[in-house]
Amino acid sequence: MNDRGVALVTGSSAGIGKVICEHLLQQGHEVLALARRPTAIVHPRLHSFEVDLGDRAATATLAADLAARFPITTLVHNAGIIRPALLADVRLADLDALTELHLACAITLAQAALPAMRGKGFGRIVLLSSRGALGLATRSAYSATKAGMIGLARTWALELAADGITVNVVAPGPIRGTEMFHEVVPAESERERRLAEAIPVRRLGTPEDVARAVDFFVDPGAGFVTGQVLYVCGGASVGTLTI
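Figured I'd write up the structure that's included with this text. (Residues numbered from 1 in each chain as written. Predicted model: local features only at pLDDT ≥ 70, side-chain atom pairs only at ≥ 80, totals over all residues. Heavy atoms only, no water.)

1. Here's the deal with the environment of leucine 25
Okay, step 1: Residue position: leucine 25 is located in helix α1 (residues 15–27).
Okay, step 2: Classification of leucine 25 as buried rests on a relative accessible area of 4%. (Helix = DSSP H or I, 4+ residues; strand = E, 2+ residues; numbered from the N terminus. Buried < 20%, exposed > 50% of the residue type's maximum accessible area, 1.4 Å probe, protein only.)

What follows is the structure, encoded as C-alpha cells:
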C-alpha cells in the first residue's frame, strides 16, 4: 500500500464522511477525522478529533494544532447542516450558522493546510456542496452557502494551480442513510419512495456513490482537473426535484 500522505475530513462520524474516511484509509492515507462526535472507525492510521466546526475559535485552534503536527496535503470538507425554511420563515441566525460551517470553516482549514501543500508542491482540496446549490424550496440559507462553496473552489483553483494544488467540488443529490437526509425525509417512508421515483435513475444515492467521486478528485493522477463541480445526483441536477 502506498503512503498517500495526510488527509483531513470533516463531518466524519457517520454517513458520507465516515465512508470517505474508509476509502482514504484503504488508499493509504493517514486520516484526521473531525466531527462533533468521534468516528466509529478503528484504524491505526485514523485520528479522531471532536470539535464543533461551527465554533470559529475552536475550529481555528484545532486547525493550527493539526497543521503543526501533521503535513496535511488532502482536505475534504464534508460537514454540513440544512436548517430548512420557506422564505417567510428564514432566520438570519441560521444563515450565519451555515455560513460559518460551510464557508468560514472551509477557509480556516484550507489556510491551515496550505503551507504543507505548497511545501510539497501537491495538494487536493474537495468541498462537498449539494445539488441544492442549484435551488430548492425551503433551502434559502443552505442553497446560498452551498453555492458559495462552488465560488470558493473555482477561485482557489485559479490561485493554487501553479502550486500543484487542485480544488474541486462534489455536489450530492439525495443520499439515503445519512442523518441530514433523514432529518427531512423519514427512512422507508412514502415520501422517500416518491423521491426515489422522481430521480432519473430511479433510486436514491448512497454514501459510497459520493465517496467514489471524492476518490477521483483526491487521486494523485487527477492533477489536470481543477475548479470543477461533479454532481452525484442520479440526474437530478438536469431536471426538477422536490423533497
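Having seen the structure, we can now continue with the description.
2. Some points on the sheet that holds strand β5 (residues 123–128)
Okay, step 1: Taken in spatial order, the seven strands of this open sheet run β3-β2-β1-β4-β5-β6-β7, and their pairing is parallel. What marks the edges here is a single partner per strand, and that holds for β3 (46–50) and β7 (229–232). Direction aside, the axes of adjacent strands within the sheet are offset by 20° on average.
Okay, step 2: Taken together, the four bridges between strand β1 (residues 6–10) and strand β4 (residues 72–77) define a ladder with parallel strand orientation. Looking at β4, one finds that valine 9 is bridged to valine 76. (Pairing = 2+ DSSP bridges. Axes fitted to C-alpha atoms, helices over the stretch in contact; angles between N-to-C directions.)

3. Structural notes on the pattern of salt bridges
Okay, step 1: Scanning the entire structure with this criterion turns up 13 salt bridges.
Okay, step 2: Residue glutamate 192 is joined to arginine 176 by a salt bridge in which the shortest nitrogen-to-oxygen separation is 3.5 Å. With glutamate 192 in helix α6 (residues 190–198) and arginine 176 in the loop between β6 (165–172) and α5 (179–184), this pair connects stretches of sequence that are 16 residues apart.
Okay, step 3: In this structure glutamate 192 comes out as buried when scored by relative accessible area, which is 5%.
Okay, step 4: Judged by relative accessible area, arginine 176 falls into the partly exposed class, the value being 31%.
Okay, step 5: Among the salt bridges present, the one from arginine 212 reaches glutamate 208, with a minimum N-O distance of 3.7 Å. Placement of the pair is arginine 212 and glutamate 208 together in helix α7 (residues 207–218), with a separation of four residues, close to one helical turn.
Okay, step 6: What makes glutamate 208 partly exposed here is its relative accessible area of 31%.
Okay, step 7: One network of salt bridges, in which partners are shared, links Arg203, Glu208, Asp209 and Arg212. (Salt bridge = Lys/Arg side-chain N within 4 Å of Asp/Glu carboxyl O.)

4. So, unusual backbone geometry
Okay, step 1: Of note, the phi angle at arginine 83 is positive, near 55°, even though the residue is not glycine.
Okay, step 2: Mapped onto the fold, arginine 83 is located in the loop between β4 and α3 (92–120).

5. Comments concerning the environment of proline 186
Okay, step 1: Among the secondary structure elements, proline 186 is positioned in the loop between α5 and α6.
Okay, step 2: Judged by relative accessible area, which is 45%, proline 186 ranks as partly exposed.
Okay, step 3: C-alpha of proline 186 to C-alpha of glutamate 100: the two residues are 86 residues apart in sequence and 27 Å apart in space.

6. A few points about the nonpolar core
Okay, step 1: Leu32, Leu34, Leu66, Ile125, Leu127 and Trp156 are the most contacted members of the largest nonpolar core, which has 36 residues in total.
Okay, step 2: Those elements that provide at least two residues to this core are β1, β2 (30–35), α2 (56–69), β4, α3, β5, α4 (140–160) and β6.
Okay, step 3: When residues no more than four places from it in sequence are discounted, the contact partners of leucine 32 are Val6, Ala7, Leu8, Val9, His47, Phe49, Leu66, Phe70 and Ile72.
Okay, step 4: Among the nonpolar cores identified, the runner-up in size contains 24 residues, and Ala7, Val19, Val126 and Ala211 belong to it. (Core = buried A, V, L, I, M, F, W, Y, C linked by side-chain atoms within 4.5 Å. Contact = heavy atoms within 4.5 Å.)

7. Observations concerning α7
Okay, step 1: For α7, spanning 12 residues, the distance from its first C-alpha to its last is 16 Å, which sits close to the expected 16 Å at 1.5 Å a residue.
Okay, step 2: Within the sequence span of α7, burial applies to Pro207, Asp209, Val210, Ala211, Ala213, Val214, Asp215, Phe217 and Val218.
Okay, step 3: Here the buried face of α7 lies against α1, β4, β5, β6 and β7. (Expected span 1.5 Å × (residues − 1).)

8. Regarding the side chain of threonine 145
Okay, step 1: By the secondary structure assignment, threonine 145 is in helix α4.
Okay, step 2: In this structure the side chain of threonine 145 is engaged in a polar contact, spanning 2.9 Å, whose partner is the backbone oxygen of alanine 141.
Okay, step 3: Excluding residues within four positions of it along the chain, threonine 145 makes contact with Leu95, Leu98, Thr99, His102 and Leu103. (Polar contact = N/O pair within 3.5 Å; in protein donor to acceptor, adjacent residues only side chain to side chain.)

9. Here we look at the state of the cysteines
Okay, step 1: All chains considered together, the criterion is met by zero disulfides.
Okay, step 2: With no disulfide of its own, cysteine 21 lies 14 Å from the sulfur of cysteine 105, the closest cysteine sulfur.
Okay, step 3: We classify cysteine 21 as buried; its relative accessible area is 0%. (Disulfide = S-S within 2.5 Å.)

10. Here we look at α2
Okay, step 1: The end-to-end C-alpha distance of α2 is 20 Å, a good match for the 20 Å that 14 residues give at a rise of 1.5 Å each.
Okay, step 2: Taken residue by residue, α2 has Thr59, Leu62, Ala63 and Leu66 as its buried positions. For α2, the arc enclosing every buried residue in end-on projection is 105°, short of the 170-degree limit, so these residues lie on one face. Exposed and oriented more than 90 degrees from the buried face of α2 are Ala57, Thr61 and Ala68.
Okay, step 3: In this structure, the buried residues of α2 make contact with β1, β2, β3, β4 and α3.
Okay, step 4: By the N-cap criterion, in which a side-chain oxygen at the helix start approaches the backbone nitrogen of a residue two or three places on, α2 is capped by aspartate 55, the distance to alanine 57 being 3.2 Å. (Arc of directions from axis to C-beta.)

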